[in-house]
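# A look at the structure
Here is what each chain is made of, one letter per residue.
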Amino acid sequence: MLAFMKTSRAERAEVLGAALKAARQAKGFGMEEVAERLEMPVEVLSRVERGVMVPTISTLVRLCIILRLDPDNLPEELPEMSD
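Description of the structure in this document.

What counts and how
- Residues numbered from 1 in each chain as written.
- Predicted model: local features only at pLDDT ≥ 70, side-chain atom pairs only at ≥ 80, totals over all residues.
- Heavy atoms only, no water.
- Patch = residues over 30% accessible without salt bridge, like charges linked within 9 Å, V, L, I, M, F, W, Y side chains within 5 Å.
- Areas by Shrake-Rupley, 256 points an atom, 1.4 Å probe, with all protein chains shown as cover.
- Salt bridge = Lys/Arg side-chain N within 4 Å of Asp/Glu carboxyl O.
- Buried < 20%, exposed > 50% of the residue type's maximum accessible area, 1.4 Å probe, protein only.
- Helix = DSSP H or I, 4+ residues; strand = E, 2+ residues; numbered from the N terminus.
- Expected span 1.5 Å × (residues − 1).
- Contact = heavy atoms within 4.5 Å.
- Arc of directions from axis to C-beta.

Quick look at a nonpolar patch on the surface now. A surface patch of nonpolar side chains, amounting to about 280 Å² of accessible area, comprises Ile57, Val61 and Ile65. The exposure class of isoleucine 57 is partly exposed, given its relative accessible area of 41%.

For helix H1 (residues 9–26), spanning 18 residues, the distance from its first C-alpha to its last is 26 Å, which sits close to the expected 26 Å at 1.5 Å a residue. Where H1 is concerned, the buried positions are Arg12, Ala13, Val15, Leu16, Gly17, Leu20, Ala23 and Arg24. Summarising the contacts, the buried residues of H1 are in contact with helix H2 (31–38), helix H3 (42–49) and helix H4 (57–66). Just downstream of H1, glycine 28 is the residue with a positive phi angle, here 80°.

We now examine H4. Those residues of H4 lying buried are Thr59, Leu60, Leu63, Cys64 and Ile66. Across the axial projection of H4, the buried residues extend over an arc of 165°, all falling on one side. If you follow the buried residues of H4, they end up packed against H1, H2 and H3. Directly after H4, the chain includes arginine 68, whose backbone phi takes a positive value near 50°.

Further remarks concern unusual backbone geometry. Note on backbone geometry: most residues besides glycine have negative phi, and most peptide bonds are trans. A positive phi angle, close to 60°, is found at glutamate 39, a residue other than glycine. Residue arginine 68 is not a glycine yet carries a positive backbone phi of 50°. Of note, arginine 68 is situated in the segment after H4. A relative accessible area of 59% places arginine 68 in the exposed class.

Structure follows, in structure tokens:
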């Protein structure tokens, strides 16, 4: 868990994206592989990982499944998401 939380939506999106990228890299998955499994363009996944774009709830759930990531290990304060 993070020792401090950033406050703006953009900063929270960056923290979430960095956490997702770290999880992907720790599992040894390439962006292309994960994007293909999500059925989305690599550019979209890249934007999520850079915090430029916030994933939908359903995409976040699918990412957690693909990366075998426990949602409890995500940053506490997530940016606003839609479904």
